[in-house]
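Listed below, chain by chain, are the residues.
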Amino acid sequence: MEDNFDQTKLHQIINRALAKAMDFSGDAANTEMNIFYSRYLEQHNTKTPQILPEELVKAFDFCNDLEEYRNVTDAYANKDNTLIEIQYRRMLTTLSRYDEYILPENKAAQQLLETNIRRHLPEYKDDILLDDYNNEADRIYKLKKEYDNAIRKKKPATKDYERRALNFFKELFTNEDLHDIKKHPKKVMLYEKCIDIVNCLPSSHYNRTAKYKLKRDLNYGLLRTASLLGEEYAPIIQKARFEMKRYQKAIEKTQYFSENPPPKRKLSIEEYNRRKFEEWYYC
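Please read all numbers here as calculations on a predicted model, not as lab measurements.

Conventions used here
Residues numbered from 1 in each chain as written. Predicted model: local features only at pLDDT ≥ 70, side-chain atom pairs only at ≥ 80, totals over all residues. Heavy atoms only, no water. Phe/Tyr/Trp six-rings, centres within 6.5 Å; stacked < 30°, edge-to-face > 60°. Buried < 20%, exposed > 50% of the residue type's maximum accessible area, 1.4 Å probe, protein only. Helix = DSSP H or I, 4+ residues; strand = E, 2+ residues; numbered from the N terminus. Lys NZ or Arg CZ within 6 Å of the ring centre and 35° of its normal. Expected span 1.5 Å × (residues − 1). Arc of directions from axis to C-beta. Contact = heavy atoms within 4.5 Å. Axes fitted to C-alpha atoms, helices over the stretch in contact; angles between N-to-C directions. Parallel < 35°, antiparallel > 145°, perpendicular 65-115°, else oblique. Polar contact = N/O pair within 3.5 Å; in protein donor to acceptor, adjacent residues only side chain to side chain. Core = buried A, V, L, I, M, F, W, Y, C linked by side-chain atoms within 4.5 Å.

1. Overview of the packing of aromatic side chains
Moving on, step 1. All chains considered together, the criterion is met by seven aromatic pairs.
Moving on, step 2. Between Phe-168 and Phe-169 the ring centres are 5.3 Å apart and the planes differ by 90°, which places this aromatic pair in the edge-to-face class.
Moving on, step 3. In this structure Phe-168 comes out as buried when scored by relative accessible area, which is 3%.
Moving on, step 4. Their ring planes at 35° and their centres at 6.2 Å tell us that Tyr-212 and Tyr-247 sit as a pair that is tilted. Of this pair, Tyr-212 sits in helix 10 (residues 208-227) while Tyr-247 sits in helix 11 (residues 234-259), and the two are 35 residues apart along the sequence. As far as burial versus exposure is concerned, Tyr-212 and Tyr-247 are alike and both buried.
Moving on, step 5. Every member of this aromatic cluster is reached through a ring pair, and the members are Tyr-133, Phe-168, Phe-169 and Phe-173.
Moving on, step 6. The ring of Tyr-124 is capped by Arg-118, whose NZ or CZ atom sits 5.1 Å from the centre of that ring.

Structure below.
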């Protein structure tokens, strides 16, 4: 009795291979396809020994690529951490080809795999890198809001956002790939979000003056990036210029008062309110 070599069987194998490619504890992603491929050759070698259906060849290559990807992304495997570009492109094309046949339970794995593949292709790399940083900035901002909300309701809360913000800016300043992106709308968005989360940095590492300087410098980066993107970014450019001057003034005032402290006395209501306003205005 001959095996069933129809497309339904092929699509079932593709789905199982995709699931295994994201699971480092199970069997190889290409085992079932290799068996299927070998059996096809055995049962057709007297009919068309040197000609294989294009669909089978593509599926065979795809499953082998999945297994190689699985090996190089396994943190415990002692192998290189990348494939050659043609393999990434071939996997992306094949995933698109089989999109309608991917089962719902494998869609998340498909999307994750597609994103990871695009990280290695130049036309997608910048976009995904900026998405990563923008998403992390959103998470930090959300954690700070959740902390503030918990404090208002007198619930227990931890400043997890401070640690994440510290790591975030450390990576931000040292990532050469990010630095090399000069003209991209998502980088404008990133600068804006970075400015929003400067206050999430712990005071033990960034005092008030340091935060003012960081906001000034981020606004300068925002201005430079927006200036490369055309007239539609004019309002952002104008605001960035204003903010740079505002924070520069805050730096100068803070330095002046630190060098010329006022005599120790109780502040008047007017002085107290003015100081609180300035703290809010420049934060």
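The rest of the description comes next.
2. Structural notes on helix 5 (residues 107-118)
Owing to its 3.6 residues per turn, the α-helix brings residues three or four apart onto one side.
Moving on, step 1. Its twelve residues place the ends of helix 5 16 Å apart at the C-alpha level, agreeing with the 16 Å of an ideal helix rising 1.5 Å per residue.
Moving on, step 2. Those residues of helix 5 lying buried are Ala-109, Gln-110, Leu-113, Glu-114, Asn-116 and Ile-117. Buried residues along helix 5 cover an arc of 165° about the axis, so they all sit on one side. Counted as exposed and oriented over 90 degrees from the buried face of helix 5: Ala-108 and Gln-111.

3. With respect to the environment of Ala-28
Moving on, step 1. Mapped onto the elements of the fold, Ala-28 is located in the loop between helix 1 (7-21) and helix 2 (31-44).
Moving on, step 2. On the accessibility criterion, Ala-28 (21% relative accessible area) is partly exposed.
Moving on, step 3. C-alpha separation for the pair Ala-28 and Leu-66, spaced 38 residues apart in sequence, amounts to 9.1 Å.
Moving on, step 4. Not counting residues within four places of it along the chain, the set of residues in contact with Ala-28 comprises Lys-20, Glu-67 and Arg-70.

4. Some points on the packing of helix 1 against helix 3 (residues 54-72)
Moving on, step 1. Following both chains from N to C, one finds helix 1 and helix 3 inclined at 10°, their axes separated by 9 Å at the closest point. What the angle tells us is that helix 1 and helix 3 run roughly parallel. Counted together, Gln-7, Leu-10, Ile-14, Ala-17, Leu-18, Lys-20 and Ala-21 of helix 1 and Glu-55, Leu-56, Ala-59, Phe-62, Cys-63, Leu-66 and Arg-70 of helix 3 form the full contact between these two elements.

5. Some points on helix 10
Moving on, step 1. Compared with the 28 Å implied by 1.5 Å per residue over 20 residues, the 29 Å span of helix 10 between its first and last C-alpha is a close match.
Moving on, step 2. All buried positions along helix 10 are accounted for by Thr-209, Lys-211, Tyr-212, Leu-214, Lys-215, Leu-218, Asn-219, Gly-221, Leu-222, Leu-223, Thr-225 and Ala-226.
Moving on, step 3. Near the N-terminus of helix 10, the side chain that reaches the backbone nitrogen of Thr-209, with its oxygen 3.2 Å away, is that of Asn-207.

6. Overview of the nonpolar core
Moving on, step 1. Counting residues in each nonpolar core, the largest one holds 32 residues, and the members touching the most others are Phe-168, Phe-169, Leu-172, Leu-178, Leu-190 and Leu-218.
Moving on, step 2. Going through the elements one at a time, helix 6 (122-152), helix 7 (160-174), helix 9 (185-197), helix 10 and helix 11 are the ones with two or more residues in this core.
Moving on, step 3. In contact with Leu-190, not counting residues within four places along its chain, are Leu-130, Tyr-133, Asn-134, Phe-168, Leu-172 and Leu-178.
Moving on, step 4. One finds Phe-36, Tyr-40, Phe-60 and Tyr-98 within the second-largest nonpolar core, a separate group that totals 29 residues.

Honestly, that's just the spatial picture; any functional story needs more than this.
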